[in-house]
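Remarks on the overall topology
Below, each chain spelled out in residue letters.
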Amino acid sequence: MDFSLSKKEQLFLQMIREFAEKEVKPLAAEVDESERFPIETVEKMAKLGIMGIPFPVEYGGAGGSNILYTMAVEELSRVCATTGVIVSAHTSLCCAPIMEHGTNEQRAKYLPKLTSGEWIGAFGLTEPNAGTDASAQQTIAVKEGDHYVLNGSKIFITNAGYAHVYIIMAMTDKSKGTKGISAFIVEKDFPGFSVGKKEKKLGIRGSATCELIMENCIVPAENLLGQEGKGFGIAMKTLDGGRIGIASQALGIAQGAMDETVKYVKERKQFGKAIGQFQNTQFQLADLQTKIEAARLLVRQAAYKKDQKEAYSTDAAMCKLFAAETAMEVTTKAVQFHGGYGYTREYPVERMMRDAKITEIYEGTSEVQRMVIAANLLK
Amino acid sequence: MKIVVCIKQVPDTTEIKLDPVTGTLIRDGVPSIMNPDDKGGLEFALQLKDQYGAHVTVVTMGPPQAEAILREAYAMGVDRAILLSDRKFGGADTLATSHTIAAALKMLDFDLVITGRQAIDGDTAQVGPQIAEHLDLPQVTYVESLTFDGNKTFTVKKSMEEGYQMVEVDAPCVFTALASGVKPRYMSVRGIVEAYDKEIETWTYDNITVDDKKIGLNGSPTRVFKSFTKGVKAAGQIYEVEPAEAVDIIINKLKEKFII
């Protein structure tokens, strides 16, 4: 058992950390404040191969591992959670299902454009009445000759409006329940496809979160992803992978808040000494950093198992549950350590606290993660 | 076009702290990095590669762990990496170092050699110019930017203390580059993934032709007698005043000490 990073991983960390510090961090506050999608950052990441880390070179990817991918999302989120989720949703929720469930033709057609970052990807499962109960899909797909006609809407779709490709779940046979759900690769310019209203959010405000509307949307039959009726399984497997990405995002947010807090408690003086010299501060920081490190090990374990093609569904649920709750705890306490200043936008910790909350909600709430973990225990 | 870039692994001096008692550098745990001016020089070479398809080789002299910056150079896009490593090269001052590197360069086919202006550990700015002298090639130091005519002539902006010079020079030649003139590219993810599968050629004394009296400790006329930290002479005074008033105070102080 080897817990150390390989030389390659260390070199990657050097690059991604420098990139995050120099290119991403300076924009983070402004991107949050103005709710602006940082498209220029996506272009820079595309050039370096960050939009296609764990995919084979033959499909335009960087040929890297899921470990590298989690390190990227962590380091980006450490300074800007918006940037972290753009990469995570694109990689885990769009590129990955095409790689894992697509035909060779679909991979060849879509992956090079996506993994090179020329195109951005997104994923549409959630509907107004199908959140945690994702089986209650109301979007319908009807096959008519050489194409399907999709009708319905999706909500809370990350990267919507900026994405060129969406993995969309729709019912091809309502009578079969989850076995009647199918997955489709939908391009933004397909007739009948449009992006609806953009949400105004508590956190990750630079990330675009919108409604998708399909009105007699024409999707070529060859864009069915996997087999008809297998969409629910594809969605669940995709979310398993996505959870590792979101756990990495949560981990990054937590570490970012800790970095800021450590800096602050060394500088801030009250009662004649730096607040970091009080044992109350020290003990709390020790507990929090221990949790962050535990979250990091869970994340890397899940990513490692995915790389080794082992079952990782429970590991993904555990790392997301733990990292998300750690992020919420660390950021909330980081604001407390900063006192009144922490509550203002002069310091980044209030943003981190707002950003952390979503990690307990999207790609499966913490409750869903507990369901997954318990189901595995009791099966 | 063939370009050789000479790079050096240095301790990240921004991370170095001084031992408050002995006044010496605490090197433990200080990360090693590619010298910033060298990285600037590497970026010039890679830009020429992007534009003209140049073949870029990096050369470094150092202990085996200097391999790390050669891997980094691969991840940035170079084509070949050579590590000059031999106990006989050790203990070298700038003169002995430049003899060793020049001897290695003589084994290579190139149109242009780029070094950094100076390394952040020694700050001498001597090795690049010495290499040019040993190779009997024209050199332009303190290069801030450059253009190439696609044939054999470079137009180089050379930084001066006050202003700059524009210099035209034909290949083959040697440039020493400034980090301030260019923003080095990041390593690409694919470059990193593949960097450790690429070959690092290790050249020892036996691979080059050089007079062994000119290299290593034997070839180094420089002797360091003592290293010390400049002592702090006075505690200094702090004034919390408006800028205009501060200027007057500073001018008066300088006059008091007959500095101006």
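Just so it is clear, the model here is predicted, and its values are computed rather than measured.

**Quick word on the overall build of chain B**
- When helices and strands are tallied, chain B shows six helices and 13 strands.
- Projected onto its principal axes, the C-alpha coordinates of chain B cover approximately 60 × 45 × 40 Å.
- Out of the 260 residues in chain B, the part that is buried amounts to 44%.
- Look at the contacts in chain B between residues 6 or more apart in sequence, and 70% of them connect residues 24 or more apart.

**Thoughts on the overall build of chain A**
- Helix and strand counts for chain A come out as 10 helices and 10 strands.
- Computed over the C-alpha atoms, the radius of gyration of chain A is 21 Å, within 12% of the 21 Å expected from 2.2 N^0.38 for a compact globule of 379 residues.
- With respect to the principal axes defined by its C-alpha atoms, chain A has extents near 80 × 45 × 45 Å.
- When each of the 379 residues of chain A is scored for burial, the buried share is 56%.

**Digging into the interface of chain A and chain B**
- The interface of chain A with chain B comprises 20 residues on the first partner and 15 residues on the second.
- Interface area, chain A with chain B, both sides summed: about 1500 Å², of which 69% is carbon and sulfur.
- Three residues stand out in chain A for area buried against chain B, namely K8, L11 and L48 of chain A, and they jointly supply 37% of the buried area on that side.
- Our enumeration of links across chain A and chain B arrives at one salt bridge.
- As a salt-bridge pair, K183 of chain B and E23 of chain A come within 2.5 Å of each other at their nearest N and O atoms.
- Counting residues per element, the side of chain A that touches chain B draws most heavily on helix 1 (residues 7-33) of chain A, at 10 residues.
- Residue composition of the side of chain A that touches chain B, grouped by class: 10 nonpolar, five polar and five charged.

**Focus: the nonpolar core**
- Ranked by internal contacts, the top residues of the largest apolar core, which has 158 residues, are F12, M15 and L150 of chain A together with L42, F154 and F175 of chain B.
- Take this core: its biggest share by element is 14 residues, from helix 6 (residues 231-267) of chain A.
- If near-sequence neighbours (up to four positions away) are discounted, L42 of chain B is found in contact with V5, M34, V56, V58, A73, M76 and V78 of chain B.
- Residues L84, A103, A132 and Y205 of chain B belong to the second largest nonpolar core, which totals 25 residues.

**Some words on a nonpolar patch on the surface**
- Among the surface-exposed residues, V247, I251, I259 and I260 of chain B lie close enough to one another that they form a single nonpolar patch of about 370 Å² accessible area.
- Counting through the fold element by element, I260 of chain B comes out in the segment after helix 6 (243-256).

**Topic: the pairing of strand 10 (residues 153-159) of chain B**
Residues and elements named next belong to chain B.
- By the criterion of burial, strand 10 is predominantly enclosed, with five of the seven residues buried.
- For strand 9 (residues 139-148) and strand 10, the ladder comprises five bridges, and the chain directions are antiparallel. Within strand 10, the residue paired with F148 across the bridge is F154.
- Counted between consecutive antiparallel strands, the loop separating strand 9 from strand 10 contains four residues, among which G150 sits at a positive phi close to 85°.

**Focus: helix 6 of chain A**
All names here are of chain A.
- Under the 1.5 Å per step criterion, the end-to-end length of helix 6 is 53 Å for 37 residues, consistent within 8% with the ideal 54 Å.
- Along its length, helix 6 shows its largest kink, about 25°, at G241.
- Within helix 6, 28 of the 37 residues are buried, which leaves it mostly tucked inside the rest of the structure.

**A look at the pattern of salt bridges**
- Within the structure shown, the criterion is met by 43 salt bridges over all chains.
- Across the pair D109 of chain B and K2 of chain B runs a salt bridge, and its minimum N-O distance is 3.8 Å. Of the two residues, D109 of chain B sits in the loop between helix 3 (94-106) and strand 8 (112-116) while K2 of chain B sits in strand 1 (residues 2-6), which places them 107 residues apart along the sequence.
- Owing to a relative accessible area of 57%, D109 of chain B belongs among the exposed residues under this scheme.
- Residue K2 of chain B is classed as partly exposed on the basis of its relative accessible area, which comes to 37%.
- Each of the salt bridges in this network shares a partner with another, and the network as a whole consists of D32, E33, R205, R345, E350 and R354 of chain A.

**So, the domain arrangement of chain A**
Residues and elements named next belong to chain A.
- For chain A, the domain assignment lists domain 1 (7-115), domain 2 (121-232) and domain 3 (236-378).
- One C-alpha centre belongs to domain 1, the other to domain 2, and the line joining them spans 23 Å.
- Taken together, the 24 residues of domain 1 in the interface contact 24 residues of domain 2.
- For the domain 1 face of the interface with domain 2, the top three residues by lost area are E35, F37 and Y110, together amounting to 34%.
- At the surface where domain 1 touches domain 2, the tally comes to three salt bridges.
- Linking E35 and K200 is a salt bridge whose minimum nitrogen-to-oxygen distance equals 2.9 Å.

**Some remarks on the environment of E21 of chain A**
All names here are of chain A.
- By the secondary structure assignment, E21 is in helix 1.
- As for E21 and M214, which are separated by 193 residues in sequence, their C-alpha atoms are 40 Å apart.
- The residues contacting E21, other than those within four sequence positions of it, are P26 and V79.

**Considering unusual backbone geometry**
- Look at the link from A171 of chain B to P172 of chain B: it is a cis peptide, with omega at 0°.
- In this structure, P172 of chain B sits in the loop between strand 11 (164-170) and strand 12 (173-177).
- Within the chain, F156 of chain A stands out as a residue other than glycine whose phi angle is a positive 60°.
- Relative to the elements of secondary structure, F156 of chain A occurs in strand 3 (residues 147-158).
- One non-glycine residue, D136 of chain B, lies in positive phi territory at about 55°.
- Mapped onto the secondary structure, D136 of chain B falls in the loop between helix 4 (127-135) and strand 9.

Definitions and cut-offs
Residues numbered from 1 in each chain as written. Chains lettered and ligands numbered in written order. Predicted model: local features only at pLDDT ≥ 70, side-chain atom pairs only at ≥ 80, totals over all residues. Heavy atoms only, no water. Helix = DSSP H or I, 4+ residues; strand = E, 2+ residues; numbered from the N terminus. Buried < 20%, exposed > 50% of the residue type's maximum accessible area, 1.4 Å probe, protein only. Contact = heavy atoms within 4.5 Å. Rg over C-alpha atoms; globule rule 2.2 N^0.38 Å. Buried area = accessible area lost by both parts, 1.4 Å probe. Salt bridge = Lys/Arg side-chain N within 4 Å of Asp/Glu carboxyl O. Nonpolar A, V, L, I, M, F, W, Y, C, P; charged D, E, K, R; others polar. Core = buried A, V, L, I, M, F, W, Y, C linked by side-chain atoms within 4.5 Å. Patch = residues over 30% accessible without salt bridge, like charges linked within 9 Å, V, L, I, M, F, W, Y side chains within 5 Å. Areas by Shrake-Rupley, 256 points an atom, 1.4 Å probe, with all protein chains shown as cover. Pairing = 2+ DSSP bridges. Expected span 1.5 Å × (residues − 1). Bend = angle between axes of the 7 residues up to and from the residue. Domains from an automatic or database assignment.

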